[in-house]
Amino acid sequence: MVWEIYYVVIAVATAALVLGSTNRPVPARAGAVATIAVALVWYAAWRRVLSGGGGATWRGYAYFAGATGLFAAGVAMANGVSLLLAMLCPQAYVIRPRRRAFIAVMTVNVSYLAVVFAVSRDLVALFEAPLWVAMMTVVVSVVCGTWFSHVSDQNDDRAELIRALEASRAEVARLSHEDGVNAERQRLAADIHDTIAQGLSSVLMLMQAAEADLEQSPGKARRHLALAMDTARDNLTEARALVGALTPAALDDSSLAQALRRLVDRFRSETGLHAEFAADVNGPPLPKALEVVLLRTAQESLTNVRKHARANAVVVRLEHHDGSLVLETQDDGCGRATTAESGGYGLATMRSRVEQMSGTVTVSSEPGSGTLVRVEVPVR
């Protein structure tokens, strides 16, 4: 837009100069002004093509051929039209590549000198003002045009860099979104595994026990059913908390130690195994995220004991050790090395949760000697 305003200003100034001169007849001056007007119309007709990159194709040659012809015709009628060189030469560098622009500038200036000589037939006069005008126009056009082209190239490079950065930013945003979605899926899968799936497993076992005792011991069957109902209610609360992205219901109004004690008590009621809980913790309240991880870890460990260990007793301990919090689950079961991994997903989820807290999970197991699951996390 700035260049086009410049073109119009040069064209109007040239027309005014030609009309104000007296060294040419009125018809010649009128014809020269007409060629200036046609030159503007000619540019306007090609403007969209040239601004869209067409200056580097045959269209650019066609445009400059027409513009040079109009310029030559105007100079033949009035020498003042030579002022249009200030429009045509910079224009070449704006719409064409640098080397082709130089050829266009030389063509326009040679055409100017040829027309001046053809009209005057005076070689001496040609070496006076016209030649100097042409030389100065070429020099200024080359210097300014080269600088303009350099700036334009830099702008193109910056634009390309910006496009690349925007594309990279979009790709990073997409990958971040995918990572966030995957992380959320993993979190939901882990929470569902540690709450709803384990709860449903407990309910199923209690229902099976109640069915087995229904005829022989109705009272015992009713106790199993009551435990199944309590477990189902608790898991319904956990499911609602999970949907609401809340902390586990067991931690709503109690400490981690209290929640673990209730968990062990319920495990003892559901399985009939000897289950103990011991705690030796002090200091300020723990971060809620850390409490959630340790509670889920204890749930998974007890689930593995129930499903795989064939144990008679289990002990859960929560203790402080030199700036770390240690949670241990020890059973006296069969102690196979694969017991903690038999659920597949459970141990992997446990490790993933603890590693997010910069902690470690150690599983020690020997055949016939039970299994120890030790979780240690730093307390900041």
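Residue indices follow the written sequence of each chain, beginning from 1 at its first position. Predicted model: local features are reported for residues with pLDDT of at least 70 only, side-chain atom pairs are reported and counted for 80 or more only, and whole-chain, interface and lining totals are derived from all residues. Side-chain descriptors were evaluated using all non-hydrogen atoms of the structure, hydrogens and water having been removed beforehand.

Engineer: Go over helix α9 (residues 256–271), please, and point to the residues and values.
Structural biologist: Given a rise of 1.5 Å per residue, 16 residues ought to cover 22 Å, and the 22 Å separating the end C-alpha atoms of α9 matches this to within 8%. Only protein chains enter the area calculation, which uses a 1.4 Å probe; residues under 20% of their type maximum are buried, those over 50% are exposed, and those in between are partly exposed. Here a helix means four or more residues in a row that DSSP labels H or I, a strand means two or more in a row labelled E, and each is numbered from the N terminus. Among the residues making up α9, those that are buried are L256, A257, A259, L260, L263, V264, F267 and E270. All buried residues of α9 fall inside an arc of 160° around its axis, so they share one side. Just beyond α9, the residue with positive phi is G272, at close to 80°. One less than the residue count of a helix, multiplied by 1.5 Å, gives the span that helix is expected to have. What the arc covers is the set of directions going from the helix axis to the C-beta atoms.

Engineer: Which residues make up the pattern of salt bridges, and what are the values?
Structural biologist: Counted as salt bridges are all cases of a side-chain nitrogen of Lys or Arg within 4 Å of a carboxyl oxygen of Asp or Glu. Inspection of the entire model under this criterion finds seven salt bridges. A salt bridge links E291 to K288; the shortest N-O distance between them is 3.5 Å. Of this pair, E291 and K288 both sit in helix α10 (residues 288–309), three residues apart, roughly one helical turn. Classification of K288 as partly exposed rests on a relative accessible area of 35%. Among the ionic pairs, E328 bridges to R317, the shortest N-O distance being 3.1 Å. Of this pair, E328 sits in strand β3 (residues 324–331) while R317 is found in strand β2 (residues 313–321), placing the two residues 11 residues apart along the sequence. In the salt-bridge network here, residues are joined through shared partners; they are R317, E328, R374 and E376.

Engineer: If you had to explain the nonpolar core to someone new, which residues and values would you point to?
Structural biologist: L256, L260, L294, L318 and L327 are the most contacted members of the largest nonpolar core, which has 34 residues in total. Elements with a minimum of two residues in this core: α9, β1 (274–280), α10, β2, β3, α11 (345–356) and β5 (371–378). Residue contributions to this core peak at nine residues, all from α10. Whether two residues touch is decided by their heavy atoms; if any such pair falls within 4.5 Å, the residues are in contact. Residues within four places of L327 in sequence aside, it is in contact with L260, L294, T297, A298, V316, R317, L318, V373, R374 and V375. Residues enter a nonpolar core if they are buried and are Ala, Val, Leu, Ile, Met, Phe, Trp, Tyr or Cys, with the set joined through side-chain atoms within 4.5 Å.

Engineer: Tell me what's going on with the sheet that holds β2, and back it up with residues and numbers.
Structural biologist: Spatially, the five strands line up as an open sheet ordered β1-β2-β3-β5-β4, and their pairing is mixed. Strands at the two margins of the open sheet, each flanked by one partner only, are β1 and β4 (360–365). Strand-to-strand twist across the sheet, computed as the mean angle between neighbouring axes with direction ignored, equals 10°. Being paired, for any two strands, means DSSP has found at least two bridges between them. When β1 meets β2, the two strands line up parallel, connected through seven bridges. Among the inter-strand pairings, H274 is bridged to a residue of β2, identified as A313. Axis angles are defined between N-to-C directions and span 0 to 180 degrees, where every axis is a line fitted to C-alpha atoms and, for a helix, only to the segment in contact. Those strands touched by α9 are β1, β2 and β3, and its axis lies near 170° from that of β1. Seen against the sheet, α10 touches β2, β3 and β5 and runs at an angle of roughly 10° to β3.

Engineer: I'd like a description of a nonpolar patch on the surface, backed by residues and values.
Structural biologist: A surface patch of nonpolar side chains, about 350 Å² in accessible area, is lined by F102, I103, M106 and V110. For I103, the position within the fold is in helix α5 (residues 98–120). A residue counts toward a patch only above 30% relative accessible area and without a salt bridge, and it is joined to like-charged neighbours within 9 Å or, for Val, Leu, Ile, Met, Phe, Trp and Tyr, to nonpolar neighbours within 5 Å. In these tables, accessible area is a Shrake-Rupley quantity obtained with a 1.4 Å probe, and a residue counts as shielded only by the protein chains included in the view.

Engineer: So, helix α3 (residues 58–77): which residues are in play, and what are the values?
Structural biologist: Helical geometry note: an α-helix holds 3.6 residues per turn, so side chains three or four residues apart project in the same direction. An ideal rise of 1.5 Å per residue puts 28 Å on 20 residues; α3 measures up with 29 Å between its terminal C-alpha atoms. Regarding α3, the residues found buried are G60, Y63, F64, A67, T68, F71, A72, G74 and V75. For α3, the angular spread of the buried residues around the axis is 165°, confining them to a single face. Summarising the geometry of α3, the exposed residues directed more than 90 degrees from the buried face are W58 and A65.

Engineer: Talk me through the environment of L286; I want residue IDs and the actual numbers.
Structural biologist: Examined against the element boundaries, L286 turns out to sit in the loop between β1 and α10. On the accessibility criterion, L286 (17% relative accessible area) is buried. Sequence separation between L286 and V379 is 93 residues; the distance between their C-alpha atoms is 7.8 Å. In this structure, L286 is in contact with L256, E291, L325 and V379, ignoring residues within four places of it in sequence.

Engineer: So, the pairing of β3: which residues are in play, and what are the values?
Structural biologist: Among the eight residues that make up β3, seven are buried, leaving the element largely enclosed by the rest of the structure. In terms of strand pairing, β3 meets β5 through seven bridges, oriented antiparallel. Across the sheet, residue T329 finds its bridge partner in β5, namely V373.

Engineer: So what's going on with unusual backbone geometry? Which residues, and what values?
Structural biologist: The backbone phi angle of D322 is positive, close to 50°, even though this residue is not glycine. Along the chain, D322 falls in the loop between β2 and β3. Of note, the phi angle at S358 is positive, near 65°, even though the residue is not glycine. When you line up the elements, S358 lands in the loop between α11 and β4.

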